Amino acid sequence: MSNQITNEQDIKHNFIAGEWRSSSEYMQNINPSDTNDVIATYATATSNDVQDAVSAAVSALPLWSSSTSGERFDILDAIGSEIIQRKGELGDLLAREEGKTLKEAVAEAHRAGSLFKFFAAEVYRSESEGYRSLREGISLEIQREPIGVVAAITPWNFPLAIPAWKIAPALAYGNTVVFKPSELVCGSAWALAEIISRAGLPDGVFNLLMGQGSDTGAALVEHPNVAGVSFTGSSVVGRKIGASVFARGGKMQLEMGGKNPLIVLDDADLEKAVEFAINGAFFSAGQRCTASSRLIVTENIHDSFIDAMSKRMELLRIGDARNPKTDIGPVVSEAQLKKNLEYLRIGSNDGAKHLMGGDQVEQKTPGWYLSPALFINAKNEMKICREEIFGPIAAVISVSDYDEALSVANDSEFGLSAGIVSNDRLIIDHFIANIQAGMVQINLPTAGMDFHAPITGQKNSSFGPPEKSSYCREFFTNTKVIHANYGKRLNSKREGS
C-alpha cells in the first residue's frame, strides 16, 4: 500500500551513500496477526534512488576492497554482536510483521547475528593459493578478488537470516552491497540496515532500497554496474532474473524453492516420524522453502501414520505469533492466504481427500490465520504435489516400498531438501547416494540447517554457487590465475644477498 506521508517521524527511510533518504512514495507494513496494527511506514525507492545507490556502491568499492582483514573483522563482528544482544527485540519485530512464532523469530535473530560473526572470522582465510608449476622457473598462484557491487534480493519468510547470509559474505570478501528486501518485511530489513549503518562502514559500502520487486528489484537486476545478483525467491522470478543477468554478463546466485519429500518407511519410529512431519510441514506456517510438503509413506505404516498425524495436528495451537503458547502463527499476507485456499480447492478437485484442517481460524484480533491442512490419497502428479504452495498444507502419498518411495521423491522439478525416517543403514546409505537433492536429512525434519553449513539445491531449486559457509566464496569472489616468470633479476638478487 502506497500513500503520501507528511509526518517525517512516522517514516523509515532508505539508506543510500551513508545517508537516510526520504521519498515521494511510501508503504505501510501490516501485522498479519492483527491487521489493524500498522507496524510502520517505509519509503519506496525511486528509479533515481536505485541509480544513486548503485553509483555510491561503485564509488565505495576501491576503498572497501582494499581494506584490511582486521578492519572487516571488527565491523562484521560488531554487527553480529549487536544483533545477538538485541535478539529479543528483533525477534519480536520479526514475529509481529512476518507471522512466525516468537520462539522461531528470536532464534532467527540469533542466527543472523551468528552469520555475521562467522563471516567476520572468514576474512582471515587466505585469499590466495600457491601451486607448483609444471614448468621450470615459473611460479603459479591463484588469487581471489571481490566481484564488485552485489545486489542482495531477499524474500519475506526469513527477513533477518537470509539477508545476513548474503550481506555478511559480500562484505567479508570486499564487495559493496545494495540490499533490496521484500516489501512485506521492511521492518526487519530496516532494523538490520540501521545496525549496519552504525558499524563503521565507509559511505556507500552498504545501501538499503525498499520497494516492489517488479520495480526496485528489476531495476537493480538490470543495472549494468551490478556485478552479481544473489536472489532467494520463487522459481518464476528466479528464472527471469537469471536470464536478465546472464544477458549482460553478470554473476548470479539463485535459490528458488522446493517441493520437498519426507519418506517414512515401515521400520520408522512412528512418534518421531510424526514430529518430523509436523515440524517440516507446518512450523513457520509452512512458509519455508525446505518445508515437507510431500509425505511419502509406505503402505504397511500408512494408516498408523495418518492416525497419529491427525491426533498430533489437533493439538496444534493457532494464534498470534507473539503469544508464547502459539504453535502456528498466521500466513504472511492476505494474498498468501488466498493462494493457500485456492490450493485446498485444487487438491480436492484433483481427487485427493482433504482429511482435516485448512480452516480460516477466528482469533481475538483479525488476521490471516489458517489451520494446518492434510490431504491423503494424493498422487504425485497432482498440482498440490508438484507446485510449491508455501503454506501449512501437506499431502500424504502412499507407496508400496522404499524403491517406489525414492522414485516418487525424485519425480519433481525441484531438488532442494529431502528426508527419510528409517533405521535401516543400508537403505539410508542408498538414499543419500541416490536422492536428487542438495540437502539430505536423516531421521530429522526436512527444514532446519546449521547456520555455517551451505544451502544448495539441484534441478530447478538452485542455480550458481551455494549460499552460506565458505562455499559461497565462489560467488562473491572472482578467481585470478597468475603464471609468472620473474627471470634472472630474482636469481641475481638472491646471489648478491
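Keep in mind the model is a prediction, meaning the values are calculated, not measured. (Residues numbered from 1 in each chain as written. Predicted model: local features only at pLDDT ≥ 70, side-chain atom pairs only at ≥ 80, totals over all residues. Heavy atoms only, no water.)

Asks: Would you explain the sheet that holds strand β21 (residues 439–442) in this entry?
Replies: In a beta sheet, neighbouring strands are held together by backbone hydrogen bonds and run either parallel or antiparallel to one another. With mixed pairing, seven strands are arranged side by side in an open sheet as β16-β17-β18-β15-β14-β20-β21. The open sheet has two edge strands with one neighbour each: β16 (353–356) and β21. The sheet shows a mean angle of 25° between the axes of neighbouring strands, direction not considered. Pairing analysis gives three bridges linking β16 to strand β17 (residues 373–376), with the strands arranged antiparallel. Paired with K353 across the bridge in β17 is I376. Packed on one face of the sheet, helix α14 (residues 425–434) meets β14 (260–264), β20 (417–421) and β21 and runs near 165° to β21. (Pairing = 2+ DSSP bridges. Helix = DSSP H or I, 4+ residues; strand = E, 2+ residues; numbered from the N terminus. Axes fitted to C-alpha atoms, helices over the stretch in contact; angles between N-to-C directions. Contact = heavy atoms within 4.5 Å.)

Asks: What is the right way to read empty space enclosed by the protein from this model?
Replies: Unoccupied space between atoms shows up once a probe the size of one water molecule is rolled over them. The final tally for this structure, using the stated rule, is four cavities of 30 Å³ or more. Estimated volume of the largest cavity: approximately 90 Å³. Forming the walls of the largest cavity are 14 residues, and the residues nearest its centre are G286, R288, A291, S293 and F390. For the lining of the largest cavity, a count of residues per class yields six nonpolar, six polar and two charged. There is about 70 Å³ of room inside the second largest cavity. Taken together, 16 residues form the lining of the second largest cavity, with P261, A409, F414, G415 and Q436 sitting closest to its centre. Those elements that provide at least two residues to the lining of the second largest cavity are β14, α13 (402–410), β19 (414–415) and β20. Class assignment for the residues of the lining of the second largest cavity results in seven nonpolar, six polar and three charged. (1 Å grid on protein atoms, 1.4 Å probe; cavity = no way out; pocket = protein on both sides within 12 Å on 5 of 7 lines; lining within 4 Å. Points joined across faces, edges and corners; volume = space filled by probe spheres on them. Nonpolar A, V, L, I, M, F, W, Y, C, P; charged D, E, K, R; others polar.)

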